[in-house]
Amino acid sequence: MQAMQRRAFLAAGSAALFTTAQRAWAAFPDKPIKLIVPWAAGGSTDAIARAMAQRMSQTIGSSVIVDNRPGAAGQIGTEAAAKAAPDGYTLAIVELPHAIAPAVTTRLPYDLLRDFTPVTMIGTSPLVFFAGMDDDSRDFKTFIKAAAARPMPPAIAHSGAGSVSHLAAELLASRTKINFNMVPYRGSAPALTDVAAGTVAGHFATLASGSSLLGANRIRPLLVTSTQHVNIPGLKDVAALAESGLKGLEIDQWWAMVAPATTPLDVIERLRREAIAALDHPSVKERMAVLGVQLKGSTTGELRAFMRAEAERWQKVARDIGLQPQ
């Protein structure tokens, strides 16, 4: 009899706790949500996050506040997000560099696949190879032909060892068998400034990074790293990989929303629905189009599989080009 009473008491307690948890999550959100961007304000990731946060704040019932945490190549902000309470009140933007980092960094303070629960993909944007206006090359094939004929191959700028632009440049050298002079810079902005000045021959960057110099007619897009033409204003007539005779250079910059691991799945689903609805709003679509971002929402499972595949791909790329983790 006592055993039966004890089981009944425990069952009642469990039911009470479950009901309390249900009420807590039913009230979600009842305070501001923080969206961590592990880069400085003003970049394309920051702009994407702010477009999403502004729209989600209007529909989710609470403010979504962008929290820029730059430093250590994105590690500071990403670690802060990984260690935040898994209650749905902290989100983060992760992107292609997060999938590359394990292949080029010996010690990371977080694990992209272990420490985060995916919420949704946000979108993708192909890289663009920009050259200067003084370069005689009017298309990418001409650029490569001229580079191969030179006794000293031209210089290609990149945004630091292990960056997306660095791996793209190394892949280009591998695919074309041209030993380009790789020149590191502190980001795409100074690299593209020197492309415009003719100091270096080219640089791989997103359309968002090159938009101001492109609009001022100071740089020229010669290639997009997609297999086919992209439906992005300013890039529709730019050669794609299929036309340039290149394979294995398909690279999409991508952005996704994640939450700390073990965040309750019903909260994740609520956040996912709100994020997808934001992506479908005309104001967000307009802003993303300006940034050259092709919107691509996803399920949690789809994003998890995608991030795992990206991490595996860039591990192989780093090995193939002989890049040693630092």
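Quick note: structure is the one above.
Below: a short report on this structure. Computed from a predicted structure; not experimentally measured.

1. Considerations on the pattern of salt bridges
Turning to step 1, where the next piece is worked out: This model, assessed by the stated rule, comprises eight salt bridges.
Turning to step 2, where the next piece is worked out: Salt-bridge contacts for Glu274 lead to Arg270; the nearest nitrogen and oxygen are separated by 3.3 Å. With Glu274 and Arg270 both in helix 10 (residues 265–279) and four residues apart, the pair spans about one turn of that helix.
Turning to step 3, where the next piece is worked out: Overall, the relative accessible area of 22% leaves Arg270 in the partly exposed class.

2. Brief notes about unusual backbone geometry
Turning to step 1, where the next piece is worked out: Looking along the chain, the bond that leaves Phe28 and enters Pro29 is cis, with omega of -5 degrees.
Turning to step 2, where the next piece is worked out: On the secondary structure map, Pro29 appears in the loop between helix 1 (2–26) and strand 1 (33–37).
Turning to step 3, where the next piece is worked out: One non-glycine residue, Ala73, lies in positive phi territory at about 55 degrees.
Turning to step 4, where the next piece is worked out: With respect to the secondary-structure elements, Ala73 resides in the loop between strand 2 (64–68) and helix 3 (75–82).
Turning to step 5, where the next piece is worked out: At Thr262, a residue that is not glycine, the phi angle is positive and equals roughly 75 degrees.
Turning to step 6, where the next piece is worked out: Relative to the helices and strands, Thr262 is located in the loop between strand 10 (252–260) and helix 10.

3. A few points about helix 8 (residues 207–215)
Turning to step 1, where the next piece is worked out: Within helix 8, the full set of buried residues consists of Leu207, Ala208, Gly210 and Leu213.
Turning to step 2, where the next piece is worked out: Considering only its buried residues, helix 8 is in contact with helix 2 (44–59), strand 5 (128–132), helix 7 (188–197), strand 8 (202–205), strand 9 (219–224) and helix 11 (282–291).
Turning to step 3, where the next piece is worked out: The positive-phi residue at the C-terminal boundary of helix 8 is Asn217, with phi of around 60 degrees.

4. Regarding the packing of helix 7 against helix 8
Turning to step 1, where the next piece is worked out: Where helix 7 meets helix 8, the axes come as close as 10 Å, and the angle between the chain directions of the two elements is 35 degrees. Crossing of helix 7 over helix 8 shows right-handed handedness. Along its contact with helix 7, which presents Ser188, Leu192 and Thr193, the element helix 8 presents Ser209, Gly210 and Leu213.
Turning to step 2, where the next piece is worked out: Per-class residue counts for the contact of helix 7 with helix 8 are two nonpolar, four polar and no charged.

5. Description of the packing of aromatic side chains
Turning to step 1, where the next piece is worked out: All chains considered together, the criterion is met by six aromatic pairs.
Turning to step 2, where the next piece is worked out: The interplanar angle of 80 degrees and the centroid separation of 5.7 Å between the aromatic rings of Phe129 and Phe140 together place this pair among those described as edge-to-face. Of this pair, Phe129 sits in strand 5 while Phe140 sits in helix 5 (residues 140–149), and the two are 11 residues apart along the sequence. Accessibility classification places Phe129 together with Phe140 in one group, the buried group.
Turning to step 3, where the next piece is worked out: Phe140 sits in the buried class, given a relative accessible area of 2%.
Turning to step 4, where the next piece is worked out: An aromatic cluster is defined as three or more aromatic residues linked by ring pairs; in this entry it consists of Phe129, Phe140, Phe143 and Phe204.
Turning to step 5, where the next piece is worked out: The ring of Tyr89 has Lys31 sitting right over it, with the charged end atom 4.7 Å from the ring centre.
Turning to step 6, where the next piece is worked out: The ring of Trp314 has Arg313 sitting right over it, with the charged end atom 4.7 Å from the ring centre.

6. Quick look at the pairing of strand 9
Turning to step 1, where the next piece is worked out: By the criterion of burial, strand 9 is predominantly enclosed, with six of the six residues buried.
Turning to step 2, where the next piece is worked out: Pairing geometry for strand 5 and strand 9, over five bridges, is antiparallel. Paired with Val128 across the strands is Val224, a residue of strand 9.

7. Brief notes about the sheet that holds strand 8
In a beta sheet, neighbouring strands are held together by backbone hydrogen bonds and run either parallel or antiparallel to one another.
Turning to step 1, where the next piece is worked out: Judged by pairing direction, the sheet is mixed, and its five strands sit side by side in the order 7-6-8-5-9 without closing on themselves. Looking at which strands have only one partner, the edges of the open sheet turn out to be strand 7 (181–184) and strand 9. When the angles between neighbouring strand axes are averaged without regard to direction, this sheet yields 30 degrees.
Turning to step 2, where the next piece is worked out: Together, strand 5, strand 6 (155–158), strand 8 and strand 9 form the strand contacts of helix 7, whose direction differs from that of strand 8 by roughly 145 degrees.

8. Some thoughts on the environment of Ala196
Turning to step 1, where the next piece is worked out: Mapping Ala196 onto the fold places it in helix 7.
Turning to step 2, where the next piece is worked out: By relative accessible area, which is 16% here, Ala196 ends up buried.
Turning to step 3, where the next piece is worked out: Between the alpha carbons of Ala196 and Leu223 there is a distance of 16 Å; along the sequence they are 27 residues apart.
Turning to step 4, where the next piece is worked out: Setting aside residues up to four positions removed in sequence, Ala196 forms contacts with Arg218 and Ile219.

So, how was this worked out
The residue numbering used here restarts from 1 in each chain and proceeds along that chain's sequence as written. Restriction of local features to residues with pLDDT of at least 70 applies here, the model being predicted, together with a cutoff of 80 or more for giving and counting side-chain atom pairs; totals for whole chains, interfaces and linings are based on all residues. To obtain the side-chain values, all non-hydrogen atoms of the structure were used and water was disregarded. The term salt bridge refers to a side-chain nitrogen of Lys or Arg lying within 4 Å of a carboxyl oxygen of Asp or Glu. A helix here means a DSSP run of H or I that spans at least four residues, while a strand means a run of E at least two residues long, and both kinds are numbered starting from the N terminus. Per-residue accessibility, obtained with a 1.4 Å probe over protein chains only, is compared with the maximum for each type, and a residue is labelled buried under 20%, exposed over 50%, and partly exposed between these values. Contacts between residues were defined by any pair of non-hydrogen atoms, one from each residue, lying within 4.5 Å. Fitted lines through C-alpha atoms serve as axes, helices being fitted only where they are in contact, and the angles separating the N-to-C directions of these axes extend from 0 to 180 degrees. If you view the pair so one helix is near and one far, a crossing is left-handed when the near helix is turned anticlockwise from the far one by less than a right angle, and right-handed when it is turned clockwise. Three categories are distinguished: nonpolar for Ala, Val, Leu, Ile, Met, Phe, Trp, Tyr, Cys and Pro, charged for Asp, Glu, Lys and Arg, and polar for the others, with Gly belonging to the last. Any two of the Phe, Tyr and Trp rings considered here, Trp counted by its six-membered ring, make a pair once their centres fall within 6.5 Å; the pair's planes then place it as stacked at under 30 degrees, edge-to-face at over 60, or tilted in between. A ring has a charge above it when a Lys NZ or an Arg CZ is no more than 6 Å from the ring centre and no more than 35 degrees off the ring normal. Criterion used throughout: strands pair if DSSP finds at least two bridges between them.

Function cannot be read off these values alone, since they describe shape.
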